[in-house]
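Structural overview
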Amino acid sequence: MTDLHELCKFHIRPVDGRYLTELRYFLRNGIPSTYTEEEAYNYINGIEEEAESTTTPLHIICRKYPEDASEEEARVINEMAGMLFEYGAGWCLVDAEGNTPGCVLVKRGLKHTGLYEQIVDAGVRAELLLRKVECNVEFVEQDNGDAQVEEQEAQPHVESVETETKAERATDPADSQEAYLSAKLRYEKGALVTEEQNDGVMMDWETDLMKRGCDTIFKGAYVDGKLDDEVAVLNIGFGMGIIDSFIAEKQPTKHYICEAHPDVLAKMKKDGWYDRPNVVVLEGTWKEQLDKLLSQGNVFFNGVYYDTFSEHYEDMLDLFDVLVGLLKPHGVFSFFNGLGADREVVYDVYKNLVSMDLSNYGLSCSFENVDMSNSRVNDASEEGTDGSVWDNIKRPYWMCPVYYHPEVKFVEF
Ligand SMILES: C[S@@+](CC[C@H](N)C(=O)[O-])C[C@H]1O[C@@H](n2cnc3c(N)ncnc32)[C@H](O)[C@@H]1O
């Protein structure tokens, strides 16, 4: 390995200013901050193929971060990471075990460190930059061979897809709305899945989270502690009707349900949702339906819940545009927070990002931490079954020990 990689192993303690001097020297003299152990190995051994994994200096720092680091050592290590980021280090490159530097810290129980925070901040900055680049440049399809987790995290109920091509993604029901809306669905015990691919569209391990979602949006039913004369709520995405059943129990004046998939709409019809006197079913995508409601100008909600499938973070940003026009001033918005939830560090990046994005709309977002360590979702083997809730499901979309349950309202309320 190289001197740069060796430096990041902290052989000599304490970790002090000498580390900063040496690291600065390497970087200023042209050693890339993303120079990987694999590249070094291949170079030394005359191997020409490009390595599949990318163990960067930042990975090594995370692997070797001393558990007993003093305050001063922690400060120096943070400064080293800062320097690496300044010189272009990646927050989401993956090593041979599929870990990003942040994942390494999570696995070592070092999430509380300033280093982890710095990596999350770098992730937020990278996402914001990526968004700007994607807006300004038509073609950013660039395969530089680096292994990295998908930066443009897919939205609720879709996890990151590592190296699929754009063409594959266009036909993947878990990734493309067009493909999803024309895919056949199947209701099975405790889940709604796509018929062919077995993507989990909705699963009943989320029941408790749906209950929380319902309770949260009903906080908007009260103005100064008094129940509003008319309580109107909107749920976007019916799925298994779990949250809609909780909403129905609270007997709102009007209960709007927006649903786009024909198989789900058929199930709603069969189960009598269309016949309920206070229920209004908006058939179609929320983008079509909510624009109509906005132009109508006479429907405003105490609570809105959002939980769709095969949408992306940028769709959610589009939702915020209409949400601010449809929410009553004291109204509350919540959503199934599966943003990047197949990787803890990405989940943390999105937690920060969504708060920042909402603040641009005058909305504040707070999160309640829900411990999921005892949830069925994290059980390797579910009681009464041979396996976990993910058996037969193509891609697990939840891998985190804590759920960040969001509550969103206008800043002044
Ligand atoms: C995860 S499920 C919702 C589960 C629901 N929260 C529950 O408690 O059962 C997602 C639902 O959103 C619907 N959906 C997907 N895209 C949509 C869109 N653009 N507009 C409206 N509904 C959509 C799907 O057909 C599916 O029924």
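Residues numbered from 1 in each chain as written. Predicted model: local features only at pLDDT ≥ 70, side-chain atom pairs only at ≥ 80, totals over all residues. Heavy atoms only, no water.

If you check an unreviewed UniProt entry, the protein chain appears there as Arginine N-methyltransferase 2 from Pichia sorbitophila. UniProt, in its Sequence similarities (unreviewed entry) section for the protein chain, records the words "Belongs to the class I-like SAM-binding methyltransferase superfamily. RMT2 methyltransferase family." (UniProt positions renumbered as here; feature names shortened; annotations may be inferred.)

So, about the overall build of the protein chain. Of regular secondary structure, the protein chain possesses 15 helices and 12 strands. Taking all 413 residues of the protein chain together, 53% fall into the buried category. Excluding contacts between residues fewer than 6 apart, the proportion of contacts in the protein chain whose partners are at least 24 apart in sequence is 71%. (Helix = DSSP H or I, 4+ residues; strand = E, 2+ residues; numbered from the N terminus. Buried < 20%, exposed > 50% of the residue type's maximum accessible area, 1.4 Å probe, protein only. Contact = heavy atoms within 4.5 Å.)

Moving on, we come to the site of the ligand. In the vicinity of the ligand lie 25 residues, with Y180, G239, I243, E259 and D307 positioned nearest. G241 places a polar main-chain atom, nitrogen or oxygen, 3.2 Å from an oxygen atom of the ligand. E311 places a polar side-chain atom, nitrogen or oxygen, 3.5 Å from a nitrogen atom of the ligand. Protein contact buries 100% of the 600 Å² of open area that the ligand shows by itself. Those elements giving two or more residues to the shell around the ligand turn out to be α9 (177-181), β3 (200-203), α11 (242-249) and β7 (254-259). Residues that form the shell around the ligand fall into these classes: 13 nonpolar, 9 polar and 3 charged. (Near = heavy atom within 4 Å. Polar contact = N/O pair within 3.5 Å; in protein donor to acceptor, adjacent residues only side chain to side chain. Areas by Shrake-Rupley, 256 points an atom, 1.4 Å probe, with all protein chains shown as cover. Nonpolar A, V, L, I, M, F, W, Y, C, P; charged D, E, K, R; others polar.)

With that settled, the discussion passes to the nonpolar core. Core analysis: the largest hydrophobic core is formed by 119 residues, its most contacted members being W205, L290, F333 and W398. Both domains that meet at this core, namely domain 1 (3-136) and domain 2 (201-410), each give it at least three residues. Residues contacting F333, with those up to four places away along its chain left out, are I217, V304, Y306, L319, F320, L323, L327, P406, E407 and V408. (Core = buried A, V, L, I, M, F, W, Y, C linked by side-chain atoms within 4.5 Å. Domains from an automatic or database assignment.)

Of all 5 residues in strand β6 (residues 232-236), 5 are buried; the element is thus mostly enclosed. As paired strands, β6 and β7 are joined by 5 bridges and run parallel to one another. Following the sheet pairing, A232 is matched in β7 by K254. Handedness of the crossover joining β6 and β7 through α11: right-handed. As paired strands, β6 and strand β9 (residues 301-306) are joined by 4 bridges and run parallel to one another. Within β9, the residue paired with V233 across the bridge is G303. (Pairing = 2+ DSSP bridges. Right-handed = clockwise from strand over helix to strand, strands pointing away.)

All chains considered together, the criterion is met by 25 salt bridges. A salt bridge links R108 to E67; its shortest N-O distance comes to 3.9 Å. With R108 in the loop between α6 (101-107) and α7 (114-136) and E67 in the loop between α4 (57-64) and α5 (71-86), this residue pair connects regions lying 41 residues apart in the sequence. When the shortest N-O distance is used, the salt bridge between D357 and R131 registers 2.9 Å. Placement of D357 in helix α15 (residues 344-359) and of R131 in helix α7 is noted, with a sequence separation of 226 residues between them. Here the salt bridges do not stand alone but share partners, grouping R13, D68 and E73 into one network. (Salt bridge = Lys/Arg side-chain N within 4 Å of Asp/Glu carboxyl O.)

So, on to the sheet that holds strand β1 (residues 185-188). Strand order in this open sheet of 3 strands is β1-β2-β3, and the pairing throughout is antiparallel. The open sheet has two free edges, formed respectively by β1 and β3, since each of these has just one partner strand. On average, each strand axis in the sheet is tilted by 15° relative to the strand beside it, whichever way the strands run. Here β1 runs beside strand β2 (residues 191-194); their pairing, made up of 4 bridges, is antiparallel. The residue of β2 that forms the bridge with R186 is V193. Relative to β1, helix α12 (residues 262-270) is tilted by about 45°, and along the sheet it contacts β1 and β2. (Axes fitted to C-alpha atoms, helices over the stretch in contact; angles between N-to-C directions.)

This part takes up α4. For α4, the tally of buried residues reaches 6 of 8 residues, placing the bulk of the element in the interior. Every buried residue belonging to α4 is among P57, L58, H59, I60, I61 and C62, and all of these are buried.

With their axes 11 Å apart at the nearest point, helix α14 (residues 313-326) and α15 run at an angle of 25° to one another. Overall, the two elements α14 and α15 adopt an arrangement that is roughly parallel. Of the two elements, α14 crosses α15, and the hand of that crossing is right-handed. Where α14 abuts α15, its residues Y313, M316, L317 and F320 lie against Y350, L353, V354, D357 and L358. (Parallel < 35°, antiparallel > 145°, perpendicular 65-115°, else oblique. Left-handed = near helix turned anticlockwise from the far one by under 90°.)

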